[in-house]
Amino acid sequence: MRVYLDNAATTPLDPEVVKVMTDILSSVYGNPSAQHAIGRTAKGMLEVARRKIAELINAKPSEILFTSGGTEADNIVIRSAVHDLGVKNIITSPIEHHAVLNTVEEMDHKGLAKMHLVEINDQGEINLNHLEELASQFPGSLITLMHANNEIGTLLDLHKVSEIAKKNNCLFHSDTVQTMGHYKIDVESLGLDFLVCSAHKFNGPKGSGFLYVRNTHKLKPMITGGGQEKNLRAGTENLHGIVGLAKALEISHSIMHEKQERLQAFKNLMKQLIKDSIPGVGFNGLAEEAKSLYTVLNVSLPENPAGEMLLFKLDIEGVCASGGSACSSGASKGSHVLAAIHHPDERTGVRFSFGKFTTEEDIRFAVEKLKKVVLD
Ligand code: PLP
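Residues numbered from 1 in each chain as written. Predicted model: local features only at pLDDT ≥ 70, side-chain atom pairs only at ≥ 80, totals over all residues. Heavy atoms only, no water.

(A) Structural view of the sheet that holds strand β7 (residues 194-198). Taken together, seven strands build an open sheet; the order of strands is β2-β8-β7-β6-β5-β3-β4 and the sheet is mixed. On the outer flanks of this sheet lie β2 (64-67) and β4 (114-117), each paired with one strand and no other. On average, each strand axis in the sheet is inclined to that of its neighbour by 20°, with strand direction left out of account. Bridge analysis of strand β5 (residues 142-144) against strand β6 (residues 171-174) gives three bridges, and the strand direction is parallel. (Pairing = 2+ DSSP bridges. Helix = DSSP H or I, 4+ residues; strand = E, 2+ residues; numbered from the N terminus. Axes fitted to C-alpha atoms, helices over the stretch in contact; angles between N-to-C directions.)

(B) Region of interest: the site of the ligand. Taken together, 13 residues lie near the ligand, and G70, T71, D175, S198 and K201 sit nearest. A distance of 2.6 Å is found between an oxygen atom of the ligand and a side-chain nitrogen or oxygen belonging to T71. Within the shell around the ligand, the residues separate by chemical class into two nonpolar, eight polar and three charged. (Near = heavy atom within 4 Å. Polar contact = N/O pair within 3.5 Å; in protein donor to acceptor, adjacent residues only side chain to side chain. Nonpolar A, V, L, I, M, F, W, Y, C, P; charged D, E, K, R; others polar.)

(C) Spatial organisation of the domain arrangement of the protein. Examined at the domain level, the protein breaks down into domain 1 (3-11 + 255-375) and domain 2 (15-254). A C-alpha centroid distance of 27 Å is found between domain 1 and domain 2. Listed as interface residues are 30 residues of domain 1 and, on the opposing side, 36 residues of domain 2. On the domain 1 side of the interface with domain 2, the three residues burying the most area are M256, L293 and H336, jointly 22% of the side's total. Between K291 and E125 there is a salt bridge; the shortest N-O distance is 3.8 Å. Applying the counting criterion to the domain 1 and domain 2 interface returns 24 residue pairs in polar contact (both at pLDDT 80 or more). Among the elements of the structure, α9 (239-277), β10 (296-301) and α11 (336-340) are those that each provide at least two residues to the side of domain 1 that touches domain 2. Taken together, the residues of the side of domain 1 that touches domain 2 sort by class into 14 nonpolar, twelve polar and four charged. (Domains from an automatic or database assignment. Contact = heavy atoms within 4.5 Å. Buried area = accessible area lost by both parts, 1.4 Å probe. Salt bridge = Lys/Arg side-chain N within 4 Å of Asp/Glu carboxyl O.)

(D) Focus on the nonpolar core. By size, the foremost hydrophobic cluster in this structure holds 56 residues, and its most contacted members are I57, L131, I143, M180, L195 and F210. Looking at this core, the element that brings in the most residues is α9, giving eight residues. Here this core spans two domains, since at least three of its residues come from each of domain 1 (3-11 + 255-375) and domain 2 (15-254). If near-sequence neighbours (up to four positions away) are discounted, M180 is found in contact with I57, I185, L195, V196, C197, F202, F210 and L249. Counting residues in hydrophobic clusters, the runner-up holds 33 residues, among them I278, V319, A366 and V373. (Core = buried A, V, L, I, M, F, W, Y, C linked by side-chain atoms within 4.5 Å. Buried < 20%, exposed > 50% of the residue type's maximum accessible area, 1.4 Å probe, protein only.)

(E) Summary view of the packing of α9 against helix α12 (residues 360-375). Running from N to C, α9 and α12 cross one another at 25°; their axes reach a closest spacing of 10 Å. Taken together, the axes of α9 and α12 lie roughly parallel to each other. In the crossing of α9 with α12, the sense of the turn from one axis to the other is right-handed. For the pair α9 and α12, contact is made by F266, L269, M270, L273, I274 and S277 and by E360, I363, R364, A366, V367, L370, K371 and L375, respectively. The residue inventory of the contact of α9 with α12, partitioned by class, reads ten nonpolar, one polar and three charged. (Parallel < 35°, antiparallel > 145°, perpendicular 65-115°, else oblique. Left-handed = near helix turned anticlockwise from the far one by under 90°.)

Next up, the structure:
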């Protein structure tokens, strides 16, 4: 038996998504930029996908820019904010995904914009008072803070950050890669300027995602060439990937409530089973259900002879999970998130993450195997 509990890394494709994608691959070969009927068919499908996505997040179709995924979309926001929108200061946190953190650091190292790190606590929660201080000290900044942390699952209150951003004339970007398809996101009521999406996190294809850009912001292309995507991203569109993305998002929205209830129950069950069987175990991130991603459970295991081999041993036992140690001692490997929340180096963090194909049997099997590799 093999159990896949690494859905925050990526998810298996939904068969319905495979179907729409393979139909396109085998029959819709037109270039969406071509003027003739075959090209227009492709263009039509592209625009239907854009409208569907826009509707699901309450945006306008013209505010959706298709990208190769979350990394590219995060890069576009940060680089464009600096190069095209005059941003001189960027407020972010030490636990952002590297797609954000490395890009902001690059802007800072090149002297193009100053990076300001907002304080977080040991559960990965943003200190909103400190955020407010930074925003009022540096009005007009770009605030880039993730909606949910991909390693420990701590959620951000987007409404509160949006209010702080507005009050201080800041732009607000949220990396919503881990929440898109798992929570309802309404860009209008949240007042976000930018958000990003990656299809492979909710049973869609890899290499396909989008960036939401509020209409008022005029960006310039990062990839230049043809006039695709209203001159914002050159290159022939990945039609099957885009239609697969729209289908995956549509399915996710249609099952969202049921999925959240079921996966939250699995997360609670797994937490309880682990607590009951492994002495000295803890959990990283916020405990409160409403403040933690229901798809992620990050387990903090006490010092163990298996050490770094723990994930490898779990894999041999048939459990796919991810994680590691903090390695705050400066080693190049290790988790910058666990280091930032002061997770002790000698403990091991294991992230189990759930998706719509996860079953209760998977959870019970994984806990048995975890017990075996930790306690035997
Ligand atoms: N941001 C977060 C929070 C992620 O978890 C990931 C993927 O792991 C990304 C960005 C990058 O997305 P992609 O794999 O589509 O480039």
